[in-house]
Amino acid sequence: MIDRPQIDWFALAPVNALLLAAALALLCAVLVPRQWRKPVAGVLCALGYAAAFGLAIALYVRSAQAQGVVVDALRRDRLAELATIIVAASGLLATAISYKERWREHHAGEYYALLAAAGGGMVFFVGANNLLTLFLGLEWFSISLYILCAIERDRLGGLEAALKYLVIGGFGSAVLLFGMALVYGATGELELSAIAAAGRESDSLLLLGLAMIVAGLAFKASAAPFHMWTPDVYEGAPTPVTAFMSAATKTAALVATLRILVTAFPENAHVWTVALAVIAVCSLVVGNLAALVQKSVKRILAYSSISHAGFMLIPIAANSALGGRALLYYLVPYAAMSLGAFAVVAARERELGVPVTLENLAGYGWERPLLGISMWAFMLGFAGFPLTGGFVGKFYAFAAAYRHGWTWLVIVGVIATLVSLYYYLGVVRAMFMRRTEDLQLAPIGGSPPREALLQTAVFACLVVTVGSFFAVQPLIDLAKNAAESLAF
Amino acid sequence: MTTVLILLPIAAGLLIWLLPLNRVSAGSLALLAALAEVGIWIQLVARYDFERGGLQFDQQRNWFGDLNVSYHVGVYGFSVWLIGLTVVAMAAAIAYAFWAGRDRTRAYMGLMLFLTGAIVGVFTAQDLLLFYAAFEAMMIPLYVLVGVWGGPGRMAATLKFVIYTMAGSLLMLAAIVVYGLSQNTFDLVDIGPSSSNWVFLGFIAAFAIKAPLFPLHGWLPDAYRESSPEVAAILSGVVSKAAAYGFLRIAVAKFPEPVQDFRAPILALAAVGLVYGSLLAFRAPDVRGVIAYSSLAQMSLITMGVFAVNDLGLDGSVLQMVNHGLVSTALFLLAGMVERRTLTGELGRLGGMARGRPALATLLMTTGVIALAVPLSSAFAGEFLILAGVLRHGWGWAVVGAVAIVLAAMYMLRLISAVLHREVGPAVSDAALDLRPAELGVVVPLVACLIALSAWPAAISQHSFRGDRPQADVEAQFR
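Residues numbered from 1 in each chain as written. Chains lettered and ligands numbered in written order. Predicted model: local features only at pLDDT ≥ 70, side-chain atom pairs only at ≥ 80, totals over all residues.

(A) The arrangement of the overall build of chain A in detail. For chain A, the count of helices and strands is 20 helices and two strands. Radius of gyration (C-alpha) of chain A: 21 Å, near the 23 Å computed for a compact globule of 488 residues. Structurally, chain A occupies a C-alpha span of about 65 × 55 × 40 Å along its principal axes. Considering only residue pairs separated by 6 or more positions, chain A has 81% of its internal contacts joining residues 24 or more positions apart. (Helix = DSSP H or I, 4+ residues; strand = E, 2+ residues; numbered from the N terminus. Rg over C-alpha atoms; globule rule 2.2 N^0.38 Å. Contact = placed C-beta atoms within 7 Å.)

(B) Fine view of the overall build of chain B. The number of helices and strands found in chain B is 18 helices and two strands. Against the 2.2 N^0.38 benchmark of 23 Å for 479 residues, chain B shows a C-alpha radius of gyration of 21 Å, consistent with a compact globule. Reported as C-alpha extents along the three principal axes, the dimensions of chain B are approximately 65 × 60 × 40 Å. Considering chain B as a whole, with its 479 residues, one finds that 62% of them fall into the buried category. For chain B, contacts bridging at least 24 residues in sequence account for 81% of all contacts bridging at least 6. (Buried ≥ 20, exposed ≤ 12 C-beta atoms within 10 Å, placed from the backbone.)

(C) Structural context of the nonpolar core. Judged by nonpolar contacts, the single largest core of 410 residues is most densely connected at Ala343 of chain A together with Ala30 and Met138 of chain B. In terms of residue count, helix 13 (residues 321–352) of chain A provides more of this core than any other element does, 20 residues in total. (Core = buried A, V, L, I, M, F, W, Y, C linked by C-beta atoms within 7 Å.)

(D) Structural detail: the packing of helix 13 (residues 358–371) of chain B against helix 15 (residues 395–420) of chain B. Residue and element names in this part refer to chain B. It is the contact of helix 13 with helix 15, at a shortest axis distance of 9 Å, that shows an interaxial angle of 170 degrees. Accordingly, the angle class assigned to the pair helix 13 and helix 15 is roughly antiparallel. Contacts from Ala361, Leu364, Met365, Gly368 and Ala371 of helix 13 reach helix 15 at Met412, Leu415, Ile416, Val419 and Leu420. (Axes fitted to C-alpha atoms, helices over the stretch in contact; angles between N-to-C directions. Parallel < 35°, antiparallel > 145°, perpendicular 65-115°, else oblique.)

(E) A look at the pairing of strand 1 (residues 56–64) of chain B. All names here are of chain B. Two elements, strand 1 and strand 2 (residues 69–75), share six bridges in a ladder whose sense is antiparallel. Bridge pairing links Arg61 to Tyr71 in strand 2. Between the end of strand 1 and the start of strand 2, which pair antiparallel, lie four residues, with Asn68 showing a positive phi angle near 60 degrees. (Pairing = 2+ DSSP bridges.)

(F) Expanded view of the environment of Phe391 of chain A. All names here are of chain A. The topology assignment puts Phe391 in helix 16 (residues 389–403). With 24 C-beta atoms counted inside 10 Å, the residue Phe391 sits in the buried group. Sequence separation of Phe391 and Gly185 is 206 residues, and the distance between their C-alpha atoms is 43 Å. Sequence-distant contacts of Phe391, that is, excluding residues within four places in its chain, are made with Gly384, Phe385, Pro386 and Phe469.

(G) Region of the structure containing the interface of chain A and chain B. Between chain A and chain B, the residue contacts involve 24 residues of the former and 27 residues of the latter. Listed by contribution, the elements that provide at least two residues to the side of chain A that touches chain B are helix 16, helix 17 (407–432) and helix 20 (472–483) of chain A. It is helix 17 of chain A that contributes the most residues to the side of chain A that touches chain B, 10 residues altogether. Of the residues contributing to the side of chain A that touches chain B, the split by class is 18 nonpolar, three polar and three charged. (Nonpolar A, V, L, I, M, F, W, Y, C, P; charged D, E, K, R; others polar.)

(H) Summary view of unusual backbone geometry. Put simply, Ala224 of chain A and Pro225 of chain A share a cis peptide bond, and its omega is 5 degrees. Structurally, the position occupied by Pro225 of chain A is in the loop between helix 8 (204–220) and helix 9 (229–236). At the junction of Phe214 of chain B and Pro215 of chain B, the peptide bond is cis and its omega measures out at 0 degrees in the coordinates. Inspection of the secondary structure puts Pro215 of chain B in the loop between helix 7 (197–210) and helix 8 (220–226). Even without a glycine there, the phi angle at Leu343 of chain B is positive, about 60 degrees.

(I) Examining helix 15 of chain B more closely. For helix 15 of chain B, spanning 26 residues, the distance from its first C-alpha to its last is 37 Å, which sits close to the expected 38 Å at 1.5 Å a residue. Arg422 of chain B sits one or two positions beyond helix 15 of chain B and adopts a positive phi of about 60 degrees. (Expected span 1.5 Å × (residues − 1).)

(J) Spotlight on the confidence of the model for chain B. Across chain B, pLDDT averages 92, with 100% of residues at or above 70. Here the complex is predicted with pTM 0.94, and the ipTM for its interfaces comes to 0.92. (pLDDT = per-residue confidence, 0-100.)

(K) Representation of helix 13 of chain A within the structure. Residue and element names in this part refer to chain A. Helix length check: helix 13, at 32 residues, gives a terminal C-alpha distance of 47 Å against a target of 46 Å (1.5 Å per residue), a fit within 8%. Of all the bends in helix 13, the largest measures some 25 degrees and sits at Leu331, one to four residues before the proline Pro333. Counting buried positions along helix 13 yields 29 of 32 residues, so the element is predominantly enclosed. (Bend = angle between axes of the 7 residues up to and from the residue.)

(L) Just the packing of helix 6 (residues 154–183) of chain B against helix 7 of chain B, in detail. All names here are of chain B. Where helix 6 meets helix 7, the closest approach of the two axes is 7 Å, and the angle between their N-to-C directions is 155 degrees. With respect to helix 7, the element helix 6 is oriented roughly antiparallel. By crossing handedness, the relation of helix 6 to helix 7 is classed as left-handed. Each of Tyr164, Thr165, Ala167, Gly168, Ser169, Leu171, Met172, Ala174, Ala175, Val178 and Tyr179 in helix 6 lies in contact with helix 7, whose residues at this interface are Val199, Gly202, Phe203, Ala205, Ala206, Ala208, Ile209 and Lys210. (Left-handed = near helix turned anticlockwise from the far one by under 90°.)

(M) Just the environment of Ser464 of chain B, in detail. Residues and elements named next belong to chain B. Among the secondary structure elements, Ser464 is positioned in the loop between helix 17 (458–461) and helix 18 (470–475). Measuring from C-alpha to C-alpha, the distance between Ser464 and Ala206 comes to 24 Å, with 258 residues separating the pair along the chain. Aside from chain neighbours lying at most four places away, what touches Ser464 is Gly77, Phe78, Trp81, Asp315 and Val318.

(N) View of the environment of Phe395 of chain A. Mapping Phe395 of chain A onto the fold places it in helix 16. As a C-alpha pair, Phe395 of chain A and Tyr330 of chain A span 65 residues in sequence and 9.6 Å in three-dimensional space. Discounting residues that sit within four places of it in the chain, Phe395 of chain A has contacts with Leu129 and Val177 of chain B.

Put into structure tokens, the structure is as follows:
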């Protein structure tokens, strides 16, 4: 009989809180009367994320020493907990943004259950310390997201997005899995640090596996040239789901990339640092150039998300403690900015009932000052202007690249930022510098009531975006402690 | 005290933006804040020890320690005068905007006050990253001020303006990353000199675009024509000085060797810009065009003075920064007043406005005469010092400068005669009144400052550097 391993239930508590919330929300779909379904399921999902957030903070405080959980299948360390904090906060805000979305009410239970389950999968994924648990976490949150994209069955765009995501995402997972199999074949190990110990530098099987793992993770992080699904999926999915994907999925994928590459492949660092730098440059070029010609705001934000995958791969490619800090710092304002930006798009979409383009965003900044100012701040943050955390994040990323000796990468990043200004400021231009009257646009049936929940979420994102510029030191301390869980 | 100077306008701006005030109370509150800022600056001048010189009223707090970046602000002798220029010009601009009445007053006034704080931040920042943050923070309100409240071609003008200036700024960011990390500190006082040409050029790119310097002035005519008069006044009067300040505080002080290597090309570009700007100003078809291109010429002259890096050139360029700031602000505001009355700035449709409008005529004439550097004016003192400074590097530079002063007389006199004299233009009706008391209240203080400076230019030129030895101060990197 196999001995039951020692299980650290506290370390698993955030995942379990989200799973519990998912299960209860799913039960709602059956047990709760129809008119109560949405509020109850929504509150359960929010409570699950709030609990995960609180537990992750507690775990962060008490995990100064990294340790394995369930025979080292997962790690309990500050890297995982900081990523959990970001994912849980994103999930909480996404729940608030979702609440007033106009889909058919009887899907509410399933929607919130899947939202909580996706978050649980990401939390599991960022803690994974073993190729199997890693893949399990990846599929867990991916499958939840596939269904979330298609939750509005009546909308063709949503179905198309979900199908595309399913096929391409499935392909990405397959590549990742094949890579894992090759690595297992080369080393005979599944656990990350054991792979590092068993791996040899010039093993072609291991290198091929590494390449496929990098490609598979780049699919999830939507980095070019593995980004093809991103614009269509971001555009077609319900906007709150897009908001959640752009913030949380990216966080999870990038943190996992950092952990796997640094822990399992330190011997091959000279290979993967260059590979990541190339992927980063591709993402910067593709994302920024393609965004220039977009009309739909969701597509602009999708390409912006690709280019930010590039920006955030730069510090990972630097392979240093400074790089780790830079990535973990950057994720905080980035998650806030993308959630907030998609939330503003969602608000406009609900008012108009049609997809939001630059044209029909005209004058919105003056109509809704809070949302307008927030969107302004998010765009400036994406473009790396001071007074937002996006500036400090870019600065740290460039600093990491320079310390690694890659001044050329700094130059590429700077040029990419310059190009990106055109479309980020284009959004601001559309919102503030044209008048609604000029374009003869009016919301269908007058202005809908203001949504307190969505506005609160946007305001929270604004506070994080601007606050992270001023409170750099505390955030960097958090990121520094988290990056110390890895052996740079 | 320095922090108060930065934060007071920003806090007042936020307050005005958030409180549900009506047009009059928002405007008066903004004006009050701007005047309070002037009051604090007067305190600063009174308490700054010019005998001792160097960095005073400095405050330092940790921002992020692992890369040695801090919130470090302080004031040098020359920055005292540039801050003074900022607060006086901003107060005049805000007063004019209040009087002229802008749509969405709260947002407008809030942005103007935010801009004040950002510019003061540029002149006081003693940390490279903080300097960059303030330098960029200027762009945020300017982008909206030009883009929302500007003229019909404002969209294209703002886009050009932002892309140009951000291209320079981002090169500067790359230079800052390289410079700061290689020296392991971002503190402007502690950081040692660098001999890297690339880093130097990164900084120069940003400042040369912002100033602007030939051939990087493509954004200038559109931005100055399309923005409202008070914003154009601030752009040419104050924001351009941030670039000249950057030349002085960072480029010249921290890069002694690259300055030697690149002096000839930079002086040559400045000389070309000086002559070219003057000629364009002479050919410009409208009032704002004349002032805009004269600004290009004057900034080139100031740049020549800075890159002379000797006692006379540096003294002259600081004096001329303040002179040109005041002149340009006053001229743009006067241009706005003329445009309000005639609905056009085209010189061909103006004329004869002196008749029956003595106040306008007197003020435009006085400002114009000071701008063309007539002897005994403060601009004459400034330009003379700059020319004497560049003479040390070759008589050719001084000749070009002297020619440009003649050209300045040509374009200024053309402007004055086209607006004030000749026969009455088609756009000028008898109903167009003389300046109102409120308008006088805006422009007269600026002109009074200019006259005071003409009487005593040494107030600035002898109170800008430690021990009145500019070259030694620069060579010691203002430490």
